[in-house]
Amino acid sequence: MATPLHFVSSKVYPRLTGGRFNTVRVAFVLVTQLIYFGLPWLNWDGQQATRFDFDSMRLYLFGLTLLPQDFIYLAAALIVAALGLFLWTMLAGRLWCGFSCPQTVYTEIMIWIERWVEGPPNQRRKRDAAPWGAEKVLRKSTTQLLMAAFSLWTGLTLVGYFTPMRELAANLGAGDIGVWEALFALSYGGFTWLLAGHLREQVCKHMCPYARFQGAMFDRDTLLVAYDDKRGEPRGARRKQHAIIPIAAANVGRDDKPQGACVDCGLCVQVCPTGIDIREGLQYECIGCAACIDVCDEVMDKTGQARGLIRFSTQHAMAQQQPLPSLRQRPRALVYGGLLLGIVALSATGLALRVPFKVDILRDRAVMQRESNDGYIENVYNVRIMNTERDSRRYRLQVESAGLVRVEAPILQVAGDSVSSFNVALVADPAVLPSGSHTVGVRIVNLDDPSQVLHEEARLLMP
Ligand code: SF4
Ligand code: SF4
């Protein structure tokens with residue numbers, strides 16, 4: 001008999017919890033989705049604020065146009081993301097997983113849908129175990145339809161980061177969406193439905209590569225969700241407090257033996273989205289969502305004990321019952337942080353100083369150098385200018401090498417977001433430049449914004 005896959009055999013029905021970390025988690029879901037679904041609709045300077053155009057290989061980013069030549073900024077962004085992840089994981093462990101990872105966020109949304117249609121966890125569990133009937137079919141199919149509709153919306157939104165969103169919506173309304181766009185939306189939507197709607201916590205436990213290599217970034221000062229076993233054990237149901245029983249009796253179990261703070265209510269296990277018991281110690285399945293902290297704090301409040309039996313802490317702090325270490329005690333964090341800041345500052349400076357046009361000057365090999373009427377020597381070039389701004393721009397070419405006298409056709413106009421080629425002659429003085437090949441300098445100024453200047457070189461032949 002085939003052995004069933006472990007990760008499809010156990011469904012977790014996490015219980016709903018309130019509390020401060022739950023508020024933060026819900027806020028993260030709302031903010032990240034507002035950004036994800038809203039950004040493709042946002043216009044900037046008359047065009048979509050964020051879009052990558054595959055045809056022209058251009059990235060439009062809030063008025064900035066990045067070309068393949070600007071690959072260095074993409075590389076810098078990837079390095080910053082990788083270093084940021086190292087730093088964040090080392091400091092905060094799996095906080096990313098619990099609060100902002102798309103898998104967690106979409107799973108949370110799918111659970112909201114499920115809870116809305118099928119009721120709280122105990123009802124869902126009972127219905128899942130019951131035989132199929134009209135009510136079960138109706139509720140299950142409604143859940144799946146809503147999940148599929150939401151997933152498709154995520155897929156279409158992703159396409160909107162590549163195809164102009166408003167055009168896509170109009171085409172969709174007219175039933176005229178392209179094949180690739182439809183395939184892309186269906187694939188991404190299908191994965192959202194499968195991973196967040198069905199596999200859920202199993203993705204974090206068995207499929208996510210980040211969970212596997214996190215161990216290498218953790219140290220004993222990394223923040224994690226931990227159960228304070230020194231305070232909590234021995235666990236057990238407490239003896240009912242009575243007016244005539246002194247406060248100290250609260251630490252006494254029903255069998256009159258001394259007892260820790262944990263009343264063994266099991267709520268921390270019931271709210272856990274990955275179905276683990278945090279009291280068993282550090283486990284790689286824990287995604288750091290803090291739901292167990294919220295629910296345990298409520299239990300502590302009800303039983304008149306101090307909060308924080310389960311809390312964010314570190315292995316060091318827990319073992320020595322000390323406060324959390326400061327950043328100054330984490331040299332590795334300071335090194336990562338310094339590197340990160342350095343790369344961000346360099347990239348930001350580069351972007352701020354970046355000139356939004358490119359120029360190539362190539363000598364026209366089909367035309368020989370010739371003598372002009374005034375006795376100077378002309379070389380003809382093909383000048384290619386790429387204007388990455390939205391509006392038309394005028395550029396002036398100026399000579400900047402000794403021996404170069406002038407540029408014929410010095411002012412060139414290029415329409416917005418386009419490339420134009422021009423034939424331009426450089427005129428040189430044979431009295432200064434001897435016979436042979438020379439490298440000469442040309443300065444190109446954007447006349448609409450003279451602070452934008454490029455310096456290019458050209459090969460010039462003298463007879
Ligand atoms: S919620 Fe708190 S008190 Fe209840 S079992 Fe978990 S650790 Fe113990
Ligand atoms: S153990 Fe606590 S923090 Fe970890 S996943 Fe479960 S509920 Fe979230």
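So, how was this worked out
- Residues numbered from 1 in each chain as written.
- Chains lettered and ligands numbered in written order.
- Predicted model: local features only at pLDDT ≥ 70, side-chain atom pairs only at ≥ 80, totals over all residues.
- Heavy atoms only, no water.
- Helix = DSSP H or I, 4+ residues; strand = E, 2+ residues; numbered from the N terminus.
- Rg over C-alpha atoms; globule rule 2.2 N^0.38 Å.
- Buried < 20%, exposed > 50% of the residue type's maximum accessible area, 1.4 Å probe, protein only.
- Contact = heavy atoms within 4.5 Å.
- Areas by Shrake-Rupley, 256 points an atom, 1.4 Å probe, with all protein chains shown as cover.
- Lys, Arg positive; Asp, Glu negative; His and termini not counted.
- Charge placed at Lys NZ, Arg CZ, Asp CG, Glu CD.
- Pairing = 2+ DSSP bridges.
- Axes fitted to C-alpha atoms, helices over the stretch in contact; angles between N-to-C directions.
- Near = heavy atom within 4 Å.
- Nonpolar A, V, L, I, M, F, W, Y, C, P; charged D, E, K, R; others polar.
- Expected span 1.5 Å × (residues − 1).
- UniProt positions renumbered as here; feature names shortened; annotations may be inferred.
- Salt bridge = Lys/Arg side-chain N within 4 Å of Asp/Glu carboxyl O.
- Parallel < 35°, antiparallel > 145°, perpendicular 65-115°, else oblique.
- Left-handed = near helix turned anticlockwise from the far one by under 90°.

1. Quick look at the overall build of the protein
Okay, step 1: Helices and strands together make up the secondary structure of the protein, namely 15 helices and 16 strands.
Okay, step 2: Taken over C-alpha atoms, the radius of gyration comes to 33 Å for the protein, far larger than the 23 Å a tight globule of 463 residues would show.
Okay, step 3: Its C-alpha atoms give the protein principal-axis dimensions of about 115 × 60 × 45 Å.
Okay, step 4: Counting across all 463 residues of the protein, residues that qualify as buried make up 43%.
Okay, step 5: Within the protein, contacts between residues at least 6 apart in sequence are counted, and of these 68% link residues at least 24 apart.
Okay, step 6: Looking at the protein as shown, the accessible area adds up to about 25,100 Å², and 64% of this sits on carbon and sulfur atoms.
Okay, step 7: Charge-centre separation for the protein: the mean point of 48 positive side chains lies 11 Å from the mean point of 43 negative side chains.

2. Section: the sheet that holds strand 13 (residues 411-414)
Okay, step 1: If you walk across this open sheet you meet the 4 strands as 13-11-15-16, and the pairing is antiparallel. Two strands close off the open sheet at either side, each with one partner strand: strand 13 and strand 16 (453-462). Pairwise comparison of adjacent strand axes, ignoring direction, gives a mean angle of 30° for this sheet.
Okay, step 2: Direction of pairing for strand 11 (residues 393-399) relative to strand 15 (residues 436-446): antiparallel, over a ladder of 5 bridges. Note on strand 15: the bridge partner recorded for Arg396 is Val445.

3. Structural notes on the sheet that holds strand 5 (residues 64-66)
Okay, step 1: Ordered in space as 3-4-5, the 3 strands form an open sheet in which the pairing is antiparallel. Looking at strand neighbours, the two that pair on one side only are strand 3 (50-53) and strand 5, the edges of this open sheet. Neighbouring strand axes in the sheet, compared pairwise and without regard to direction, differ in orientation by 15° on average.
Okay, step 2: The pairing of strand 4 (residues 58-61) with strand 5 spans 3 bridges and is antiparallel. For Leu59, the partnering residue across the bridge sits in strand 5 and is Leu66.

4. Some remarks on the site of ligand 1
Okay, step 1: If you check the shell around ligand 1, you find 13 residues, and the closest are Cys262, Cys265, Gly266, Cys268 and Cys296.
Okay, step 2: For the shell around ligand 1, the leading source of residues is helix 13 (residues 291-302), giving 3 residues.
Okay, step 3: Considering only residue class, the shell around ligand 1 consists of 10 nonpolar, 1 polar and 2 charged.

5. Regarding helix 4 (residues 102-118)
Residues lying three or four places apart along an α-helix face the same way, a consequence of the helix completing one turn every 3.6 residues.
Okay, step 1: An ideal rise of 1.5 Å per residue puts 24 Å on 17 residues; helix 4 measures up with 24 Å between its terminal C-alpha atoms.
Okay, step 2: Looking one or two residues past helix 4, Gly119 carries a phi angle of roughly 90°, positive in sign.

6. What to know about unusual backbone geometry
The general pattern is negative phi for most residues beyond glycine and trans for most peptide bonds.
Okay, step 1: Cis geometry marks the peptide bond from Glu233 to Pro234, where omega comes out at -5°.
Okay, step 2: Position of Pro234 relative to the elements: it lies in the loop between helix 11 (229-232) and helix 12 (267-270).
Okay, step 3: Its identity as a non-glycine residue notwithstanding, Phe62 has a phi of 45°, on the positive side.
Okay, step 4: Within the secondary structure, Phe62 sits in the loop between strand 4 and strand 5.
Okay, step 5: On the basis of relative accessibility, which here comes to 37%, the residue Phe62 falls in the partly exposed class.
Okay, step 6: In this structure, Asp417 takes a positive phi of about 50° despite not being glycine.
Okay, step 7: Here Asp417 lies in the loop between strand 13 and strand 14 (418-428).

7. Considerations on the UniProt feature "transmembrane region" (unreviewed entry) in the protein
Okay, step 1: The positions that UniProt labels "transmembrane region" (unreviewed entry) are, in the present scheme, residues 21-39, 59-88, 145-165, 177-196 and 333-353.
Okay, step 2: Secondary structure content for residues 21-39 is 95% helix and 0% strand, and the end C-alpha separation is 26 Å.

8. Points about the side chain of Glu201
Okay, step 1: By the secondary structure assignment, Glu201 is in helix 9 (residues 201-207).
Okay, step 2: Lacking a salt bridge, the buried Glu201 has Lys205 as its closest oppositely charged neighbour, with an N-O distance of 5.5 Å.
Okay, step 3: In contact with Glu201, not counting residues within four places along its chain, are Ser10, Val12, Pro273 and Thr274.

9. Concerning the packing of helix 6 (residues 134-159) against helix 8 (residues 179-199)
Okay, step 1: The interhelical angle for the contact between helix 6 and helix 8, taken along N-to-C directions, is 135°, at an axis separation of 7 Å. Classified by the angle between their axes, helix 6 and helix 8 sit oblique to one another. Here the hand of the crossing between helix 6 and helix 8 comes out right-handed. Of the residues in helix 8, those in contact with Gln144, Met147, Ala148, Ser151, Leu152, Thr154, Gly155, Leu156, Leu158 and Val159 of helix 6 are Glu181, Phe184, Ala185, Leu186, Tyr188, Gly189, Thr192, Trp193, Gly197 and His198.
Okay, step 2: When grouped by side-chain class, the residues that make up the contact of helix 6 with helix 8 number 11 nonpolar, 8 polar and 1 charged.

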